[in-house]
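One-letter residues, chain by chain:
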Amino acid sequence: MYLLFYISGAVAILATVMTITRLNAVHALLYFVVSLLSIAVIFYILGAPFIAALEVIIYAGAIMVLFIFVVMMLNLGERAVEMEGKWLSPGMWIGPEILAAILIAEVVYLLSRPPVEVHAIQYVEPREVGLALFGPYLIGVELASMLLLGALVGAYHLGYRKPEALENPDADNTDATRAAAGGDLVRAGHDRPAGAA
Amino acid sequence: MISPYPAVTLIAVLFGALTIAGGLVWAERRLLALWQDRYGPNRVGPFGLMQTLADMIKLFFKEDWVPPFADKWVFIMAPAIVMFTVLMSFVVVPFAPGIIISDLNIAVLFFLGMSSLGVYSIVLAGWASDNKYALLGGMRAAAQMLSYEVFMGLSLMGTVLLAGSFDLVDIVNAQRHMWFVVPQFLGFVLFMIAGIAETRRLPFDLPESESELVAGFHSEYSGMKFGMFFVGEYIGILLVSSMITVLFFGGWRGPVLPPIVWYFIKTCFFLGFFILLRAALPRPRFDQLMAWGWKLMLPLSLANLLVTGAVKLAFFH
């Protein structure tokens, strides 16, 4: 069990590092999906199969698909990758590195001491998760659902178009408003970069 | 309830699923031909039974081409994902008492998780091909499968409520006196429709709709990579039929005949129904499909869950 835990932990860390360093947005997202899946395995090993399943269904299976969906719609070109490469300069690593170093120092300190009281792995049934959510944590659940309802109404408002606007959907899509081809990060109108076979 | 020889079960299920998927290709072509007043494949072997084998040999000898403009690794990985997720789902299907690979206590959630990961295969195939038809197919697939997944999960929760467990073996055992299709008829219909949409079968095959998008997400695929999408779809049908049998029609339960035979008979009935749907129904427009999912199916599945919960609380608590 410990071996499985460390393997999936290592996969999670590696995948997350790859997520940060990939220049292609879709590749980065794919590594992030792998990272989420390995975290689901860790949850399962730690005795929380319900949370593991939700991690796969909601994070890996729904939210990340939406991210990939949006990136696909953007149709990012070569220039976006170039730009991404410029943003990832060595200088910007300093801040995160200092913060990560503090955490590593803490881990080293904890490992060097005799082991503190380790909680035995406790198996959590789906039933117990439900009882906890709708018992002591009911207020939290209600607040979260109100927040989501607000987001839903907001999204509906942004996406709503008046019936007369639907009559002429291309009204705001004229040569004047459209981005000039090639000038933007997005590949407008071209299926593939010029010169590719 | 796990069999004493898990490896034997594993190999039997793997072999069985792939063989039945191959047989299903033949059965579908013969049945469609029957309903359309023609013969269908009848030359290779008795009744044309070897047709799928011949097709497979042809696929293996085709040029396995990766377009130079495609994203090579994602392009190669995409067909493998669909096979992986569909075959993984069979891990939790209880075929008969003792014939199950893993008796997980979150089996229903495992099935839902695997089917939601299956979306990646289609979406990534569409994106990696770098072809406008494939991209349109991939985008349609992402929107369709995400939407229909939502009420696929919700439609199952009524069954889970009645059985009081996410465990598929418990769900089958809870149908000792009555199949769940009777109290959960609406849930059954909703799950069936969601299942067709998840496997991208004909009324809902908009991601590949050949009359408008060439072949949709797999336009650029050839050889056995295309074969994997193709077989993956048929194993998906087998999986959804199995899940309908297990969740709503008492799984292996039935009189006289051995359990595995009952399971097989019930599953075959739904496989036939899936093929009949393909022969009978036209394809909707994409906005109709989305509006139908969000404005009709989702409220219905929520109402189903609400009523089931209220009845269970009022009378069986």
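Residues numbered from 1 in each chain as written. Chains lettered and ligands numbered in written order. Predicted model: local features only at pLDDT ≥ 70, side-chain atom pairs only at ≥ 80, totals over all residues. Heavy atoms only, no water.

Draft legend 1. Up close: the overall build of chain B. Across its full length, chain B carries 10 helices and 0 strands. Ordering the α and β elements of chain B from the N terminus gives α-α-α-α-α-α-α-α-α-α. Its C-alpha atoms put chain B at 60 × 45 × 40 Å along the principal axes. In chain B, which comprises 317 residues, the proportion classed as buried is 55%. In chain B, of all internal contacts separated by at least 6 residues, the share reaching a separation of at least 24 is 78%. Within the structure as shown, chain B displays about 14,000 Å² of accessible surface, and the carbon and sulfur contribution to it stands at 73%. (Helix = DSSP H or I, 4+ residues; strand = E, 2+ residues; numbered from the N terminus. Buried < 20%, exposed > 50% of the residue type's maximum accessible area, 1.4 Å probe, protein only. Contact = heavy atoms within 4.5 Å. Areas by Shrake-Rupley, 256 points an atom, 1.4 Å probe, with all protein chains shown as cover.)

Draft legend 2. View of the pattern of salt bridges. Residue and element names in this part refer to chain B. Here the structure, examined in full by the defined rule, presents 4 salt bridges over all chains. Across the pair R278 and E28 runs a salt bridge, and its minimum N-O distance is 3.2 Å. Of the two residues, R278 sits in helix α9 (residues 259–280) while E28 sits in helix α1 (residues 6–35), which places them 250 residues apart along the sequence. Among the ionic pairs, R29 bridges to D55, the shortest N-O distance being 3.1 Å. (Salt bridge = Lys/Arg side-chain N within 4 Å of Asp/Glu carboxyl O.)

Draft legend 3. View of the layout of surface pockets. In this structure, the second largest pocket spans a volume of roughly 1,100 Å³. Forming the boundary of the second largest pocket are 39 residues, of which A:L37, A:S38, A:V41, B:F84 and B:L117 lie nearest the centre. Residue assignment for the lining of the second largest pocket shows that the elements contributing at least two residues are α1 (2–21), α2 (25–45) and α3 (49–74) of chain A together with α3 (72–89) and α4 (107–128) of chain B. For the lining of the second largest pocket, the leading source of residues is α2(A), giving 11 residues. Taken together, the residues that form the lining of the second largest pocket break down as 32 nonpolar, 5 polar and 2 charged. (1 Å grid on protein atoms, 1.4 Å probe; cavity = no way out; pocket = protein on both sides within 12 Å on 5 of 7 lines; lining within 4 Å. Points joined across faces, edges and corners; volume = space filled by probe spheres on them. Nonpolar A, V, L, I, M, F, W, Y, C, P; charged D, E, K, R; others polar.)

Draft legend 4. The arrangement of helix α7 (residues 138–159) of chain A in detail. Compared with the 32 Å implied by 1.5 Å per residue over 22 residues, the 31 Å span of α7(A) between its first and last C-alpha is a close match. Of all 22 residues in α7(A), 0 are buried; the element is thus mostly exposed. (Expected span 1.5 Å × (residues − 1).)

Draft legend 5. Region of the structure containing the packing of α4(B) against helix α5 (residues 132–163) of chain B. Residues and elements named next belong to chain B. At their nearest, the axes of α4 and α5 sit 8 Å apart, and the two run at 175 degrees to each other. Here α5 runs roughly antiparallel to α4, going by the angle between their axes. Where α4 approaches α5, its residues V108, F111, L112, S115, S116, V119, I122, V123, G126 and W127 are matched on the opposing element by A134, L135, G138, A141, A142, M145, E149, M152, G153, L156, M157 and V160. A per-class count over the contact of α4 with α5 returns 16 nonpolar, 5 polar and 1 charged. (Axes fitted to C-alpha atoms, helices over the stretch in contact; angles between N-to-C directions. Parallel < 35°, antiparallel > 145°, perpendicular 65-115°, else oblique.)

Draft legend 6. Geometry of the domain arrangement of chain A. Split by domain assignment, chain A resolves into domain 1 (1–113) and domain 2 (124–159). Relative placement of domain 1 of chain A and domain 2 of chain A: their C-alpha centres are 25 Å apart. (Domains from an automatic or database assignment.)

Draft legend 7. Examining the packing of aromatic side chains more closely. For the structure shown, the criterion picks out 20 aromatic pairs over all chains. Ring geometry for A:F5 versus A:Y6: centroids 5.5 Å apart, planes at 75 degrees, classification edge-to-face. Judged by relative accessible area, which is 56%, A:Y6 ranks as exposed. By way of ring pairs, the aromatic residues B:F111, B:W179, B:F185, B:F188, B:F191, B:F248, B:F249, B:F269 and B:F270 are connected into one cluster. Its guanidinium or amino end placed over the ring of B:W73, B:K72 lies 5.1 Å from that ring's centre, counting from NZ or CZ. (Phe/Tyr/Trp six-rings, centres within 6.5 Å; stacked < 30°, edge-to-face > 60°. Lys NZ or Arg CZ within 6 Å of the ring centre and 35° of its normal.)

Draft legend 8. Structural context of empty space enclosed by the protein. Residue and element names in this part refer to chain B. Per the stated rule, a full pass over the model turns up 1 cavity of 30 Å³ or more. Of the pockets and cavities examined, the largest cavity occupies roughly 200 Å³. Along its surface, the largest cavity is lined by 18 residues, and V86, S115, E198, T199 and G236 are the ones closest to its centre. Contributing elements (two or more residues each) for the lining of the largest cavity: α3, α4, α5, α7 (185–199) and α8 (223–248).

Draft legend 9. The arrangement of the interface of chain A and chain B in detail. With 30 residues of chain A in contact, the opposing surface of chain B contributes 30 residues. Buried area between chain A and chain B, both sides added, is near 2,400 Å², and the carbon and sulfur share of it is 73%. Joining chain A to chain B, the criterion identifies 0 salt bridges. Where chain A packs against chain B, one counts 2 residue pairs in polar contact (both at pLDDT 80 or more). Looking at the side of chain A that touches chain B, the elements that each hand over two or more residues are α2, α3 and α6 (126–133) of chain A. Ranked by the residues each element gives to the side of chain A that touches chain B, the list is headed by α3(A), at 15 residues. In terms of residue class, the side of chain A that touches chain B is built from 22 nonpolar, 3 polar and 5 charged. (Buried area = accessible area lost by both parts, 1.4 Å probe. Polar contact = N/O pair within 3.5 Å; in protein donor to acceptor, adjacent residues only side chain to side chain.)

Draft legend 10. Representation of the confidence of the model for chain A. With 77% of its residues at a pLDDT of 70 or more, chain A has an overall mean of 78. Per-element confidence in chain A is highest for α7(A), whose mean pLDDT is 91, and lowest for helix α8 (residues 163–167) of chain A, whose mean pLDDT is 68. (pLDDT = per-residue confidence, 0-100.)

Draft legend 11. Unusual backbone geometry, seen in detail. All names here are of chain B. Phi at D37 is positive, roughly 65 degrees, even though this residue is not glycine. Relative to the helices and strands, D37 resides in the loop between α1 and α2 (51–61). A positive phi is found at V256, a non-glycine position, where the angle reads about 60 degrees. Following the sequence through the fold, V256 ends up in the loop between α8 and α9. Looking at V256, the relative accessible area reads 87%, which means it is exposed.

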